[in-house]
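Reading the structure
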Amino acid sequence: MTTDIRPPSAYTKGYALCSPDNILQPDSFRHTEAKAIAARFRKKKKRKKQWKEAQDEGWTVKFVYMRMFVPVFYSSNTERAEQDNDNTYDEDDYS
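Note that the structure is a prediction, hence the values are computed from the model and not measured.

1. Points about the overall build of the protein chain
Looking only at helices and strands, the protein chain has three helices and two strands in total. Secondary structure of the protein chain in N-to-C order comes out as β-α-α-β-α. Taking all 95 residues of the protein chain together, 18% fall into the buried category. Within the protein chain, counting contacts between residues at least 6 apart in sequence, those at least 24 apart form 52% of the total.

Encoded structure:
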């Protein structure tokens, strides 16, 4: 009996910034609202002012679920590559 073993998908919840065009910014995903804002506005001294200006432009922080997955890597077929390299030019073949 064969089974298709797959790693379990994992969901996590947190916050992400959303642009005025209603596009989520995946690089801003963090576990708290403050950290999501800090992901975009890095300088702590200017962060509150910059965030206020961004809110005036229409930026928001949204509660989101994010799907995390474990990448699965498969080995390549080296047998085919070895067959392709067999076609080397040999002077004895053409004399």
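2. A look at the side chain of Ser 19
Checked against the element boundaries, Ser 19 lands in the loop between β1 (10–18) and α1 (33–40). Its relative accessible area of 10% is what places Ser 19 among the buried residues. Once you skip the residues sitting within four places of it in the chain, Ser 19 turns out to touch Gln 25, Gly 58 and Trp 59.

3. Remarks on the packing of aromatic side chains
This structure, assessed with the given rule, holds three aromatic pairs. Through a chain of ring-to-ring contacts, three or more aromatic side chains come together here, namely Tyr 15, Phe 63 and Tyr 65. One residue, Arg 40, lies across the ring of Trp 59, its end atom 4.7 Å from the ring centre.

4. Quick look at the nonpolar core
Leu 17, Ile 37, Phe 41, Trp 51, Ala 54 and Trp 59 form the largest nonpolar core, which has six residues in total. Aside from chain neighbours lying at most four places away, what touches Trp 59 is Leu 17, Cys 18, Ser 19, Pro 20, Gln 25, Arg 40, Trp 51 and Ala 54.

5. Some words on helix α2 (residues 44–57)
Owing to its 3.6 residues per turn, the α-helix aligns residues three or four sequence positions apart on the same side. Between its first and last C-alpha, α2 extends 20 Å over 14 residues, near the 20 Å set by a 1.5 Å rise per residue. Among the residues trailing α2, Gly 58 stands out with phi positive, at a value near 115°.

6. Focus on the environment of Phe 69
Residue position: Phe 69 is located in the loop between β2 (60–68) and α3 (78–84). For Phe 69, a relative accessible area of 63% translates into the label exposed. C-alpha of Phe 69 to C-alpha of Tyr 11: the two residues are 58 residues apart in sequence and 8.5 Å apart in space.

7. Comments concerning the environment of Ile 23
Position of Ile 23 among the secondary structure elements: in the loop between β1 and α1. In this structure, the C-alpha to C-alpha distance between Ile 23 and Trp 59, residues 36 residues apart in sequence, is 9.7 Å. In this view, Ile 23 contacts Leu 17 and Cys 18; residues no more than four positions away in its chain are not counted.

Rules behind the numbers
Residues numbered from 1 in each chain as written. Predicted model: local features only at pLDDT ≥ 70, side-chain atom pairs only at ≥ 80, totals over all residues. Heavy atoms only, no water. Helix = DSSP H or I, 4+ residues; strand = E, 2+ residues; numbered from the N terminus. Buried < 20%, exposed > 50% of the residue type's maximum accessible area, 1.4 Å probe, protein only. Contact = heavy atoms within 4.5 Å. Phe/Tyr/Trp six-rings, centres within 6.5 Å; stacked < 30°, edge-to-face > 60°. Lys NZ or Arg CZ within 6 Å of the ring centre and 35° of its normal. Core = buried A, V, L, I, M, F, W, Y, C linked by side-chain atoms within 4.5 Å. Expected span 1.5 Å × (residues − 1).

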